[in-house]
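Remarks on the overall topology
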Amino acid sequence: MTRPDRLIAMANQIARFFDSQREGAAGAANHLTRYWDPAMRAEIIAWRRGGGDGLAPLAAQAVDTLIDAAP
Amino acid sequence: MARVLEFDFGTPDVAGEPVTLTIDGAAVTVPAGTSILRAAAIAGITIPKLCATDSLEAFGSCRLCLVEIEGRAGTPASCTTPVAAAMVVRTGSDQLERLRRNVVDLYLSDHAAHDDHGECELHDLAATLGVSESRFAGGTTHAGLPCDESNPYFTFDPAKCIVCSRCVRACDEVQGTLALTVQGRGFASKIAASQDELFLSSECVSCGACVQACPTEALVEKTVLEVGAPERSEVTTCGYCGVGCTFKAELKGDDLVRMVPWKDGKANHGHACVKGRFAWGYATHRERVLEPMIRASIEDPWQTVSWDEAIAHAASEFARIEARYGAHSIGGITSSRCTNEETYLVQKMIRARFGVNNVDTCARVCHSPTGYGLKTTLGTSAGTQDFDSVEHCDVMVVIGANPTDGHPVFASRMKRRLRAGAKLIVIDPRRIDLVRTPHIEAAHHLSLRPGTNVAVLVAMAHTIVTEGLVNEPFVRERCDWDEFQAWAEFVGRPEHSPERSEAMTGVPAADLRAAARLYATGGAAAFYYGLGVTEHSQGSTAVMAIANLAMATGNYGRPGVGVNPLRGQNNVQGACDMGSFPHELTGYRHISDAGVRESFEAVWGAPLDPEPGLRIPNMLDAAVAGRFKALYVQGEDILQSDPNTRHVAAGLAAMECVVIHDLFLNETAAYGHVFLPGSTFLEKDGTFTNAERRIQRVRKVISPRNGYEDWQVTQLLSNALGYPMAYAHPSQIMDEIADLTPTFAGVSYDLLEREGSVQWPCNAAAPVGTPVMHMGQFVRGLGRFVVTEYVPTDEKVGPRYPLLLTTGRTLSQYNVGAQTRRTANVIWHEEDVLEIHPHDAEERGVQHGDWVTLASRAGATALRACLTDRVAPGVVYTTFHHPTTQANVVTTDYSDWATNCPEYKVTAVQVSPSNGPSEWQSRYEAMADRRRRVATRGPVA
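Please read these numbers as outputs of a predicted model, since none were measured by experiment.

Rules and cut-offs
- Residues numbered from 1 in each chain as written.
- Chains lettered and ligands numbered in written order.
- Predicted model: local features only at pLDDT ≥ 70, side-chain atom pairs only at ≥ 80, totals over all residues.
- Heavy atoms only, no water.
- Helix = DSSP H or I, 4+ residues; strand = E, 2+ residues; numbered from the N terminus.
- Contact = heavy atoms within 4.5 Å.
- Pairing = 2+ DSSP bridges.
- Buried area = accessible area lost by both parts, 1.4 Å probe.
- Salt bridge = Lys/Arg side-chain N within 4 Å of Asp/Glu carboxyl O.
- Polar contact = N/O pair within 3.5 Å; in protein donor to acceptor, adjacent residues only side chain to side chain.
- Nonpolar A, V, L, I, M, F, W, Y, C, P; charged D, E, K, R; others polar.
- Buried < 20%, exposed > 50% of the residue type's maximum accessible area, 1.4 Å probe, protein only.
- Axes fitted to C-alpha atoms, helices over the stretch in contact; angles between N-to-C directions.
- Parallel < 35°, antiparallel > 145°, perpendicular 65-115°, else oblique.
- Left-handed = near helix turned anticlockwise from the far one by under 90°.
- Domains from an automatic or database assignment.
- Phe/Tyr/Trp six-rings, centres within 6.5 Å; stacked < 30°, edge-to-face > 60°.

1. Section: the environment of B:V470
Residue and element names in this part refer to chain B.
- Tracing the backbone through its elements, the reader meets V470 in the loop between α13 (453–466) and α14 (472–478).
- Measuring from C-alpha to C-alpha, the distance between V470 and M551 comes to 8.9 Å, with 81 residues separating the pair along the chain.
- What V470 contacts, discounting residues up to four positions off in sequence, is I464, V465, V475, F484 and A552.

Here it is, written out as structure tokens:
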């Protein structure tokens, strides 16, 4: 798939904020759930399933949380 | 309705213990400190006056309001004489009559004869006192002196002027510009602007307060001279900035003669600015589009069609796209310039008809971080105070806002309070006017490096925490103590000290510490902030950092304090309240909340998607990726206002149906397939909600020239799309909003008629609204401190782009300028210019007025340079009012981490000499002209 650079950058920005929060990756995952359109989430999940190159560690954790929560 | 004439009590209202006196035999009880003139007016007794008016402090110069007081000698002026208990006053006698006739006779002797447009109080007094001819006629007069016609909106005729000083005092007391003075002495005294200059070239900001104050038509609107005296009026709300001034629109027949700020307007108290008072001519501008148009391709000329054809075409295209690409390929954008009812209908249509939440609003690109930041920390997405609160403020912190340009009427209130002794801290890269203006000087101007707001705010917090300035009782009672402790530990770390931050922020540590101490200990302290806070990659973080500081110092829940976002457009607050964001329904309730969703589904009769939809930048990204195909844009010009113009253009060009609903063929319309003519704020009923959460009526002053109010157009489109709407009046839409929104539960047009306006929350607990929020407790319960770590933006300066560009607005223009560029306001801002420090200019061989190329990683444009030390070395600044400049060609895709609000305020750029407009600008202008072509009526392929 094409590398979703913009979504990766956005996810990393969100992760950077939650790096300093008590909620950590769970907070970032919650943010993605509450504010990202499902198609955007699907795209970042697909990228993560393919390795998630470019995602910061906490962003990758957050996307993993979305993957784990998926039905 | 008939013309609304406001009663003038002569001197301002005052607060005080009740005092009873006798005036002309009648007992009158008024607050101590009230003038006799006002007390008499309250009792229904009119005392003649000329220099007195209740918007200005008493002056006592005209000697007409003389009275006799038992036990006192002489005939004192009633405007400057306060009441006293048991005082006995007589307002009429032979002696008083004779004195007043003499004064009027003298005034008339040097007052040029003129057509009376009903505004000349001197003529009225002469008639009342029976002075028909002056005994002093034939002497030397000021007749023949040239009129000052330089201002596009008003004229000054010194031959009609009686030098009563009302204009001078209005400029001083109401506007706070102090541009006018009485020059000379005795007979030679005259009103002068600045150093005896023309009004246009003086410091005058054309607010019109002097015109409104003038009692003799020496200063009068040119429209009054051209059209004639108004015959009727309607009270309505201004369509410009988020202050939300109330105006009387005064008409003669169907011609709007003038807009006069209404004394009872609770946001503006009778004041206005050059935009609201004067810049309404765009409503009848020749470029206004009044007939619908369609075209098959954006390369085709527009074809004028009937409303039925246009609506049917838009509906069939949306249906076709839905069938081919799915409903998620469709979305809408609501406008902060439209009414609450109109924005509500757009989001309702998108959500209910298409079952998607792809609806967003232009607040995305301005105050969406305010929504996120204040909801997270305090529990709701709104400013905490009313504007009147500023009267109780001891320390103002103005950060990332330029009120004298962006919110001029509120800025006048701020200036008045500052002149009365309140202290000012300005945190801004530029030396905005408030930093140093007549009788005002900021205690501290923290001229920070663009993009370092969070670092500065955290360093302020560090100072407050480590120096023991926290209001611990407030924090323990009102906030989550555990969260506070975590925050205090964070900000207290040595790396967050002002000394350690100085290298990043450019703010001297001693200044920052002093400012923090003043904020924490100076009394009632309030933050006032604007887009210089929100339009950053850390916009939401900065809002939370501000909320933290106010909690730590106990600055909530009473007058004079709080966190006050200054909203850019007239209905930013309302558009956000009305569920315009893709993740929220009205009243900021998340779309995933099943209970909330069900309440809407029951009323709307349609299932709703529980997932958030696309934001504006996400829509454009999806369009470029081929997944988003149709857009309904009401009252916005995203091509000019949104960042990275090339990307916006690519997104729009990738769509198959873009429906533009606007007054003009704006820049976005170059990519439109359907054009639905919009109506101005003068032509519709509805409500706007201003920056202080004040819901105010917009009343139809004239019939919509395009045939429909905007809510009616959306309703037509919705009906054609198969989702029926049958509102007969916007009041019914508001009733539905109130029914579905707890914070609006008590709002109705009947209530607004009774109260004039109300501030939400307005419900059973607060039946006439809530001026100050978070009294007693925060909306979320305990206030939440959030750790706000400074994260530098990814937009870095370097050898190729060594300067930082920050953008903003100017007093005379509004947003993309679509309205104000089509008025005489262009005289003050004919083009966007680039402010650059003389040092940076010299390094580049640039002189004042030279054309320069402004280039970033996103693009380049060319504009003229303005050399000024308002900006620091290393920083350049421009506005985005003119499409020929397209400042947003230069701005980037970087955005706030939480909300995608663009980072307009930080762009790494280079500036270099240029010969004129760039090739891109020339190509763009040719493209825009080509795509504005309108063909004769005919079928569309």
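2. Brief notes about the pairing of strand β6 (residues 180–183) of chain B
All names here are of chain B.
- As paired elements, β6 and strand β7 (residues 190–193) share four bridges and run antiparallel to each other. When the sheet's bridge partners are listed, V182 is paired in β7 with I191.
- Hairpin geometry of β6 and β7 is characterised by an intervening segment of six residues between the two adjacent antiparallel strands and by a positive phi of about 85° at G184.

3. Quick word on the interface of chain A and chain B
- Facing 21 residues of chain A, the contacting portion of chain B comprises 31 residues.
- Taking both partners together, chain A and chain B bury about 2,300 Å²; carbon and sulfur atoms supply 48% of that area.
- When residues of chain A are sorted by the area they lose upon contact with chain B, A:R6, A:F17 and A:Y35 head the list and together hold 28% of the total.
- Taking the shortest distance from any N to any O, the salt bridge between B:R627 and A:E43 comes out at 3.7 Å.
- Counting across the chain A and chain B interface gives nine residue pairs in polar contact (both at pLDDT 80 or more).
- Only α1 (5–18), α2 (24–35) and α3 (38–49) of chain A provide two or more residues apiece to the side of chain A that touches chain B.
- Here the residues of the side of chain A that touches chain B sort into eight nonpolar, five polar and eight charged.

4. Here's the deal with the pairing of strand β22 (residues 562–565) of chain B
All names here are of chain B.
- Burial along β22 is two-sided: the face carrying G562 and N564 and the face carrying V563 and P565 are both buried.
- Two elements, strand β21 (residues 525–529) and β22, share four bridges in a ladder whose sense is parallel. Bridge assignment links A526 to a residue of β22, and that residue is G562.

5. Section: the pattern of salt bridges
- By the definition in use, this model includes 63 salt bridges over all chains.
- Close ionic contact of A:R6 with B:D621 constitutes a salt bridge, the shortest N to O distance being 2.5 Å. You can see A:R6 sitting in helix α1 and its partner B:D621 sitting in helix α22 (residues 616–624), one on each of two chains.
- For A:R6, a relative accessible area of 23% gives the class partly exposed.
- Owing to a relative accessible area of 19%, B:D621 belongs among the buried residues under this scheme.
- Between B:E391 and B:R413 there is a salt bridge whose closest N-O contact spans 3.1 Å. Here the residue B:E391 occupies a position in the loop between α10 (368–377) and β16 (395–399), and B:R413 occupies one in helix α12 (residues 408–419), the gap between them amounting to 22 residues.

6. Section: the sheet that holds strand β28 (residues 686–689) of chain B
Residue and element names in this part refer to chain B.
- Strand order in the open sheet made by the three strands is β28-β29-β30, with antiparallel pairing throughout. The open sheet terminates on both sides in strands that have one partner only, identified here as β28 and β30 (757–759). Strand-to-strand twist across the sheet, computed as the mean angle between neighbouring axes with direction ignored, equals 30°.
- One ladder, built from three bridges, connects strand β29 (residues 694–698) with β30; its direction is antiparallel. Bridged to Q696 within β30 is S757.
- Relative to the sheet, helix α9 (residues 340–354) contacts β28 and β29, its axis offset from that of β28 by approximately 95°.

7. A short note on the packing of α9(B) against helix α25 (residues 710–720) of chain B
Residue and element names in this part refer to chain B.
- One way to put it is that α9 packs onto α25 with a least axis distance of 9 Å and a crossing angle of 15°. Between α9 and α25, the interaxial angle falls into the category roughly parallel. By crossing handedness, the relation of α9 to α25 is classed as left-handed. In this structure, α9 uses E342, L345, V346 and M349 to contact α25, whose residues at the interface are D710, W711, T714, L717 and S718.
- Here the contact of α9 with α25 is composed, by residue class, of five nonpolar, two polar and two charged.

8. What to know about the domain arrangement of chain B
- For chain B, the assigned domains read domain 1 (18–92), domain 2 (154–284), domain 3 (293–366 + 572–744), domain 4 (369–565) and domain 5 (803–930).
- Of note, the centres of domain 1 of chain B and domain 5 of chain B, computed from C-alpha atoms alone, are 56 Å apart.

9. Topic: the packing of aromatic side chains
- The tally for this structure, following the rule as stated, stands at 30 aromatic pairs over all chains.
- A centroid spacing of 5.8 Å and a plane angle of 90° characterise the contact between A:F18 and B:W897, whose relative ring orientation is edge-to-face. Of the two residues, A:F18 sits in helix α1 while B:W897 sits in the loop between β35 (875–879) and β36 (907–913), which places them in two different chains. Summarising the burial analysis for this pair, A:F18 and B:W897 share the class buried.
- Judged by centre distance (6.3 Å) and plane angle (65°), the rings of B:Y240 and B:Y282 are edge-to-face. With a gap of 42 residues between them, B:Y240 in the loop between β9 (232–237) and β10 (246–252) and B:Y282 in the loop between α7 (274–278) and β12 (293–294) connect regions that are remote in the sequence.
- Classification of B:Y240 as buried rests on a relative accessible area of 4%.
- On the accessibility criterion, B:Y282 (2% relative accessible area) is buried.

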